[in-house]
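Geometric and topological summary
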Amino acid sequence: MARVLFEKVTKSYGDVQVVREFNLEIADQEFLVLVGPSGCGKSTTLRMIAGLEEITSGDLFIGERRVNDIAPKDRDIAMVFQNYALYPHMTVFDNMSFALKLRRMPSAQIKRRVEEVAETLGIGELLQRKPKQLSGGQRQRVAMGRAIVRDPKVFLFDEPLSNLDAKLRVQMRVELSRLHTRLKTTMVYVTHDQVEAMTLADRIVVLNGGYIQQVGTPMELYHTPANAFVGGFIGSPSMNFFSADVASEGGRITVTGDGYHLTLGDESAAQLKAHGDLKRVMVGLRPKDISPEAVEDNFIESVVDVIEPMGGETFYYFDVGESQIVGRSEGGVSASVGEVTRFRVDVDNIHLFSEDGETRLN
Ligand SMILES: Nc1ncnc2c1ncn2[C@@H]1O[C@H](COP(=O)(O)OP(=O)(O)OP(=O)(O)O)[C@@H](O)[C@H]1O
Ligand SMILES: [Mg+2]
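From a predicted model like this one, the values you see are computed outputs, not experimental measurements.

With mixed pairing, 6 strands are arranged side by side in an open sheet as S6-S7-S8-S3-S9-S10. In the strand order of this sheet, the two ends are held by strand S6 (77-80) and strand S10 (211-216), each with one partner. With strand direction ignored, the average angle separating the axes of adjacent strands in the sheet is 15°. With 5 bridges connecting them, strand S3 (residues 31-35) and strand S8 (residues 186-191) associate as parallel partners. The residue bridging Leu34 from the neighbouring strand is Val190, located in S8. On the sheet, helix H1 (residues 42-50) packs against S3, S6, strand S7 (154-158), S8 and strand S9 (203-208) and is oriented at approximately 150° with respect to S7. On the sheet, helix H4 (residues 136-148) packs against S6 and S7 and is oriented at approximately 175° with respect to S6.

In this structure, the largest pocket encloses a volume near 630 Å³. Lining the largest pocket are 21 residues, and of these Ile77, Ala78, Met79, Ala99 and Arg150 lie nearest its centre. Of the residues forming the lining of the largest pocket, the biggest block, 4 residues, is contributed by helix H2 (residues 92-102). Here the lining of the largest pocket is composed, by residue class, of 15 nonpolar, 1 polar and 5 charged. Space inside the second largest pocket adds up to approximately 300 Å³.

Here the focus is the sheet that holds strand S5 (residues 65-66). The 4 strands lie next to each other as S2-S1-S4-S5, forming an open sheet whose pairing is antiparallel. The two strands at the open ends of the sheet, each matched to only one other strand, are strand S2 (16-26) and S5. When strand S4 (residues 57-62) meets S5, the two strands line up antiparallel, connected through 2 bridges. In the strand pairing of S5, Ile62 is matched with Arg65. Those strands touched by H1 are strand S1 (4-13), S2 and S4, and its axis lies near 120° from that of S1.

Turning next to the site of ligand 1. Every residue lining ligand 1 is accounted for by Tyr13, Val18, Pro37, Ser38, Gly39, Cys40, Gly41, Lys42, Ser43, Thr44 and Glu159. Between a nitrogen atom of ligand 1 and a side-chain N or O atom of Tyr13, the distance comes to 3.4 Å. Measuring from an oxygen atom of ligand 1, one finds a side-chain N or O atom of Ser43 at 2.8 Å. Summarising the interface, the protein chains cover 56% of the accessible area of ligand 1, which totals 640 Å² for the free molecule. Per element, the largest residue contribution to the shell around ligand 1 is 3 residues, and it comes from H1. When grouped by side-chain class, the residues that make up the shell around ligand 1 number 4 nonpolar, 5 polar and 2 charged.

Assigned domains of the chain: these are domain 1 (4-233) and domain 2 (240-353). If you average the C-alpha positions of domain 1 and of domain 2, the two centres end up 39 Å apart. In this complex, domain 1 contributes 9 residues to the contact, which on the side of domain 2 involves 6 residues. Counting each side, the surface lost to burial between domain 1 and domain 2 is near 560 Å², with a carbon and sulfur contribution of 63%. In this assembly, domain 1 and domain 2 are joined by 0 salt bridges. Secondary structure elements with two or more residues in the side of domain 1 that touches domain 2: helix H7 (218-223) and helix H8 (228-233). Of the residues in the side of domain 1 that touches domain 2, the class split is 5 nonpolar, 4 polar and no charged.

Applying the stated rule across the entire model yields 21 salt bridges. With a closest N to O distance of 3.2 Å, Glu53 and Arg47 form a salt bridge. The exposure class assigned to Glu53 is buried, which follows from its relative accessible area of 17%. A residue is classified by how much of its surface remains accessible, and Arg47, at 26% relative accessible area, is partly exposed. Across the pair Glu175 and Arg141 runs a salt bridge, and its minimum N-O distance is 3.8 Å. Separated by 34 residues along the polypeptide, Glu175 in helix H5 (residues 166-183) and Arg141 in helix H4 bring together distant segments of the chain. Of the residues examined, Glu175 reaches a relative accessible area of 21% and is grouped as partly exposed. A relative accessible area of 13% means that Arg141 is categorised as buried. Members of the salt-bridge network, linked through shared partners, are Arg3, Glu25 and Glu64.

How each quantity is defined
Residues numbered from 1 in each chain as written. Chains lettered and ligands numbered in written order. Predicted model: local features only at pLDDT ≥ 70, side-chain atom pairs only at ≥ 80, totals over all residues. Heavy atoms only, no water. Pairing = 2+ DSSP bridges. Helix = DSSP H or I, 4+ residues; strand = E, 2+ residues; numbered from the N terminus. Axes fitted to C-alpha atoms, helices over the stretch in contact; angles between N-to-C directions. Contact = heavy atoms within 4.5 Å. 1 Å grid on protein atoms, 1.4 Å probe; cavity = no way out; pocket = protein on both sides within 12 Å on 5 of 7 lines; lining within 4 Å. Points joined across faces, edges and corners; volume = space filled by probe spheres on them. Nonpolar A, V, L, I, M, F, W, Y, C, P; charged D, E, K, R; others polar. Near = heavy atom within 4 Å. Polar contact = N/O pair within 3.5 Å; in protein donor to acceptor, adjacent residues only side chain to side chain. Areas by Shrake-Rupley, 256 points an atom, 1.4 Å probe, with all protein chains shown as cover. Domains from an automatic or database assignment. Buried area = accessible area lost by both parts, 1.4 Å probe. Salt bridge = Lys/Arg side-chain N within 4 Å of Asp/Glu carboxyl O. Buried < 20%, exposed > 50% of the residue type's maximum accessible area, 1.4 Å probe, protein only.

Written out as structure tokens, the structure reads:
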């Protein structure tokens, strides 16, 4: 069992707390992704699991063992960093076998193990090369291989793909998914890229300012973000936000403002009512739920500023009050810049937050 358990873990540097009362259980064999903006505490959290940062308070367990005071080398974890950190003067083989030699594994066994892992990563031909004779993607695979040969209980990844170009990043992302399916080892993966988080994770932890904002499956986070921060962070292009007046009209609840008038569905209306008699809310809508169409109700009307045709889809930029909004249609362009355009809003997919964006209301 290689679950990882955080109980009220905090981390401070001097009197600045950078990880705040972190409670989380990472299941055995789970692929857990920590995601959030720069400086939110992702690497610090990962480095506490690795034993590279001391824990200020709370308890951390790997398996059944409390590891607060266990040295990194005795934690049975392997970490892959963004900058690979390969030994430049050693061959790929020596880089990959280094930890096994330290463990005094017999050399025939080391050779077998390294070759086997190199083969699965598609770097079997490169074992005699030095890191500088490799491409970025190949170096990344060596760094991965070096971690895999050790057969750790937990893999830790800190932005391992961020040095790669866009195409290779996608390719390595797919390989990582395969790797997890094959190895079935607990993996904790740090990234600031929400696409990586969505595609790789069994569960995602969204962090902001050292606080856990939400923990859930990619679909839970996408469909029911706990607050506006998570709503805006997960999904691309980002969720749109604007604040709206709430009113009751003939038994229905409406949210209205400059250029729009939306009638909530029964479910959202009931959920909103349960929070009391709110006069204003923050509305969140994903671009896919705002498309140009001349409907008679549940629309936003505004002057289109910019149109971005992408081929398979088109994006439309316009203002609602103070907020810049992005709408989307499938296929080609169906509006004109500078013209007043009506956008149909799919109210079934509306997200309602408290005015400050802190709380989900529906
Ligand atoms: N040794 C240190 N001393 C003081 N503050 C530190 C130290 N290391 C990190 N911090 C601070 O702790 C906070 C969290 O840092 P951390 O490296 O965990 O962020 P991150 O989420 O990994 O960000 P990034 O995406 O930029 O890598 C930051 O505000 C950072 O400035
Ligand atoms: Mg970091």
